[in-house]
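Architecture at a glance
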Amino acid sequence: MDSAANELLQRTEQPHYPNGERKLARDPFMQATWAMLGVAGLAQLALLLALDLMS
């Protein structure tokens, strides 16, 4: 990585709790986003299985 990118990453570091956990990890919006991605992935697997069984 060049020095400009390294400097940018240092200036935009994510906030952390005192225990080292990122604050974004507890954000309800992010948790809902990951939950929806998980549900969508499981739904795709279920549809793929259903299509495979029907053919």
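What comes next is a walk through the structure.

What counts and how
- Residues numbered from 1 in each chain as written.
- Predicted model: local features only at pLDDT ≥ 70, side-chain atom pairs only at ≥ 80, totals over all residues.
- Heavy atoms only, no water.
- Helix = DSSP H or I, 4+ residues; strand = E, 2+ residues; numbered from the N terminus.
- Rg over C-alpha atoms; globule rule 2.2 N^0.38 Å.
- Lys, Arg positive; Asp, Glu negative; His and termini not counted.
- Charge placed at Lys NZ, Arg CZ, Asp CG, Glu CD.
- Salt bridge = Lys/Arg side-chain N within 4 Å of Asp/Glu carboxyl O.
- Buried < 20%, exposed > 50% of the residue type's maximum accessible area, 1.4 Å probe, protein only.
- Phe/Tyr/Trp six-rings, centres within 6.5 Å; stacked < 30°, edge-to-face > 60°.
- Lys NZ or Arg CZ within 6 Å of the ring centre and 35° of its normal.
- Patch = residues over 30% accessible without salt bridge, like charges linked within 9 Å, V, L, I, M, F, W, Y side chains within 5 Å.
- Areas by Shrake-Rupley, 256 points an atom, 1.4 Å probe, with all protein chains shown as cover.

Within the protein chain, the secondary structure is distributed over two helices and zero strands. Relative to the 2.2 N^0.38 estimate, which gives 10 Å for 55 residues, the radius of gyration of the protein chain is 19 Å and therefore markedly larger than a compact globule would have. Principal-axis analysis of the C-alpha atoms gives the protein chain an extent of 55 × 30 × 15 Å. For the protein chain, the distance from the average site of its 4 positive side-chain charges to the average site of its 6 negative ones is 10 Å.

With that settled, consider the pattern of salt bridges. Counted by the stated rule, this structure contains one salt bridge. Here E21 ties to R26 by a salt bridge, and the two come within 2.9 Å at their closest N and O atoms. With relative accessibility at 27%, the residue E21 sits in the partly exposed group.

Our focus in this paragraph is the packing of aromatic side chains. Counted by the stated rule, this structure contains zero aromatic pairs. Residue placement shows K23 over the ring face of Y17; its charged tip is 5.6 Å from the ring centre. Here R26 stacks its cationic end above the ring of Y17, 4.2 Å away from the centre of that ring.

Residues L42, L45 and L48 make up a contiguous nonpolar surface patch of about 340 Å² in total accessible area. Looking at the secondary structure, you find L42 in helix 2 (residues 28–54).

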